Amino acid sequence: MSSMQDLQTRIAAVLALAPVVPVLVIDELKDAVPLARALVAGGLPAIEVTLRTPVALDAVRAIAAEVEGAAVGVGSVRRPSDFVDALKAGATFAVSPGSAAGLIAAARDIDLPWLPGAATASEAMALLEHGYTQLKFFPAESVGGATALKALGGPLPELRFCATGGIGVHNAHEYLALKNVPCVGGSWVAPTAAVKAGDWAKIEALAREAAALAR
């Protein structure tokens, strides 16, 4: 079992891979591998597949096995059993919208880096007490956006946040300009229409544009 420090180092390495972590809702298993390949080719190797569809874990399994260079994780983790399922599927990290007590307890017993969600200073401080320095700031735009994150950086300088929720190409730069934001999460690099059409060239182009964002 890895130490908390090692797990935090591993999740920090994932967040450092690119300025944007694509947040994917995969409806059709056949789309998983070509979608991930397009994102990796465009320069976005850290990929979050949310547990919002029946094929999500199979998609993670396929990406982990078939897409060279991808660091695939599982998002929307809400139950302790999700950690086990994610690890078995080949995920290299897990992401949650929040940080319920049951998840915090379960995360201690599994060798999988976890990015728990926090929306307030109190939630962030509680997670810091458990040893978490790498957090998800969600839902970012709804809880104060980049201004709120900048404010958190003053009293909590050791924390780093992947901001997610309402972020797109129009405002990602506001977050990436902050010292406590190594990356943002977003779905805009994989539009539903483009995925359904199998327009992997368009998705690769969007990924390339996102990968070039300054931070």
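The preceding data block contains the structure.
The notes below deal with the structure included here. All residue numbers here refer to positions counted from 1 along the written sequence of the relevant chain. Local features are withheld for residues below a pLDDT of 70 in this predicted model, meaning they are given only at 70 or higher, and side-chain atom pairs are given and counted only at 80 or more; totals for whole chains, interfaces and linings count all residues. Excluded from the side-chain calculation are hydrogens and water; included are all heavy atoms of the structure.

### Digging into the packing of aromatic side chains
- By convention, a stacked pair of Phe, Tyr or Trp rings (six-membered ring in the case of Trp) has centres within 6.5 Å and planes under 30 degrees apart, an edge-to-face pair has planes over 60 apart, and any other such pair is tilted. Applying the stated criterion to the full structure yields 3 aromatic pairs.
- With 5.3 Å between their ring centres and 90 degrees between their planes, Trp114 and Tyr132 make a pair best called edge-to-face. Taken together, the residues Trp114 in strand β5 (residues 114–115) and Tyr132 in the loop between α6 (121–129) and β7 (134–137) connect sequence positions 18 residues apart.
- The buried category is assigned to Trp114, whose relative accessible area is 2%.
- A centroid spacing of 6.1 Å and a plane angle of 75 degrees characterise the contact between Phe137 and Phe161, whose relative ring orientation is edge-to-face. Taken together, the residues span a long stretch of sequence, with Phe137 in strand β7 and Phe161 in strand β8 (residues 160–164) at a distance of 24 residues.
- Exposure is judged per residue with a 1.4 Å probe applied to protein chains only, and the accessible area is read against the type maximum: over 50% gives exposed, under 20% gives buried, and values in between give partly exposed. Taking the relative accessible area as the measure of exposure, Phe137 reaches 1% and is therefore buried.
- The rule for a charge over a ring is simple: NZ of Lys or CZ of Arg within 6 Å of the ring centre, and within 35 degrees of the ring normal. Over the ring of Phe138 we find Lys136; its NZ or CZ atom is 4.7 Å from the centre of that ring. Secondary structure elements follow DSSP: runs of H or I no shorter than four residues count as helices, runs of E no shorter than two count as strands, and numbering proceeds from the N terminus.

### What about the pattern of salt bridges?
- A side-chain nitrogen of Lys or Arg and a carboxyl oxygen of Asp or Glu constitute a salt bridge if their distance falls within 4 Å. Applying the stated rule across the entire model yields 6 salt bridges.
- Here Arg61 makes a salt bridge to Asp58, at a shortest N to O gap of 2.7 Å. In this pair, Arg61 and Asp58 both sit in helix α3 (residues 56–66), 3 residues apart, roughly one turn of the helix.
- Judged by relative accessible area, which is 37%, Asp58 ranks as partly exposed.
- Here the salt bridges share partners, and the residues they tie into one network are Asp6, Arg10 and Asp111.

### Thoughts on the packing of α3 against helix α4 (residues 80–89)
- As a packed pair, α3 and α4 sit with axes 8 Å apart at the nearest point and diverge in direction by 30 degrees. Seen from α3, the contacting residues are Leu57, Val60, Arg61 and Ala64; seen from α4, they are Asp85, Ala86 and Ala89. Orientation is described by lines fitted to C-alpha atoms, with helices fitted over the stretch in contact, and by angles between N-to-C directions that extend from 0 to 180 degrees. Residues are treated as being in contact if the distance between any of their heavy atoms lies within 4.5 Å.

### A look at the sheet that holds strand β4 (residues 93–95)
- Paired strands, as defined in this entry, are two strands with at least two bridges between them according to DSSP. Judged by pairing direction, the sheet is parallel, and its 9 strands sit side by side in the order β5-β4-β3-β2-β1-β9-β8-β7-β6 without closing on themselves. The open sheet terminates on both sides in strands that have one partner only, identified here as β5 and β6 (117–118).
- Both strand β1 (residues 20–24) and strand β2 (residues 46–50) contribute to a ladder of 2 bridges, which runs parallel. Bridged to Leu24 within β2 is Val49.
- Against the sheet, helix α1 (residues 4–15) engages β2, β4, β5, β7, β8 and β9 (183–186), with an angle of about 50 degrees to β7.

### A closer look at the side chain of Asp82
- For Asp82, the position within the fold is in helix α4.
- Judged by relative accessible area, Asp82 falls into the buried class, the value being 5%.
- Leaving out residues up to four positions away in the same chain, Asp82 has contacts with Leu51, Ser76 and Val77.

### A closer look at the pairing of β9
- Burial of the side chains of β9 extends over both faces: Cys183 and Gly185 are buried on one face and Val184 and Gly186 on the other.
- With 3 bridges joining them, β1 and β9 adopt parallel strand pairing. Residue Pro22 lies in a different strand from β9, and its bridge partner there is Gly186.
- Note that β8 and β9 share 3 bridges and pair parallel.

### Focus on the nonpolar core
- Remark: nonpolar core denotes a set of buried residues (Ala, Val, Leu, Ile, Met, Phe, Trp, Tyr, Cys) joined through side-chain atoms within 4.5 Å. If you look at the biggest cluster of nonpolar residues, it comprises 65 residues, and the most contacted ones within it are Ile26, Val49, Phe83, Leu149, Tyr175, Val184 and Trp188.
- The dominant element in this core, judged by the number of residues it contributes, is helix α2 (residues 29–41), at 6 residues.
- Excluding residues that lie within four positions of it along the chain, Leu149 makes contacts with Phe137, Phe161, Ala163, Tyr175, Leu178, Asn180 and Val181.
- Judged by nonpolar contacts, the second largest core, of 10 residues, contains Leu15, Val21, Ala46 and Phe93.

### Side note on the pairing of strand β3 (residues 71–75)
- The buried fraction of β3 amounts to 5 of the 5 residues, a majority that puts the element mostly inside the structure.
- Side chains Ala71, Gly73 and Gly75 of β3 all project onto a buried face; the interleaved residues Val72 and Val74 project onto the opposite face, where all are buried too.
- Across 5 bridges, the pairing between β2 and β3 is parallel. Within the sheet, the bridge partner assigned to Glu48 lies in β3 and is Gly73.
- Look down the strands so they point away from you; if going from the first strand over the helix to the second traces a clockwise path, that crossover is right-handed. Each parallel crossover has a hand, and for β2 linked through α3 to β3 it is right-handed.
- Sheet topology places β3 next to β4; 2 bridges connect them, and they run parallel. Within β4, the residue paired with Gly73 across the bridge is Phe93.
- Taken together, β3, α4 and β4 form a β-α-β motif whose crossover is right-handed.

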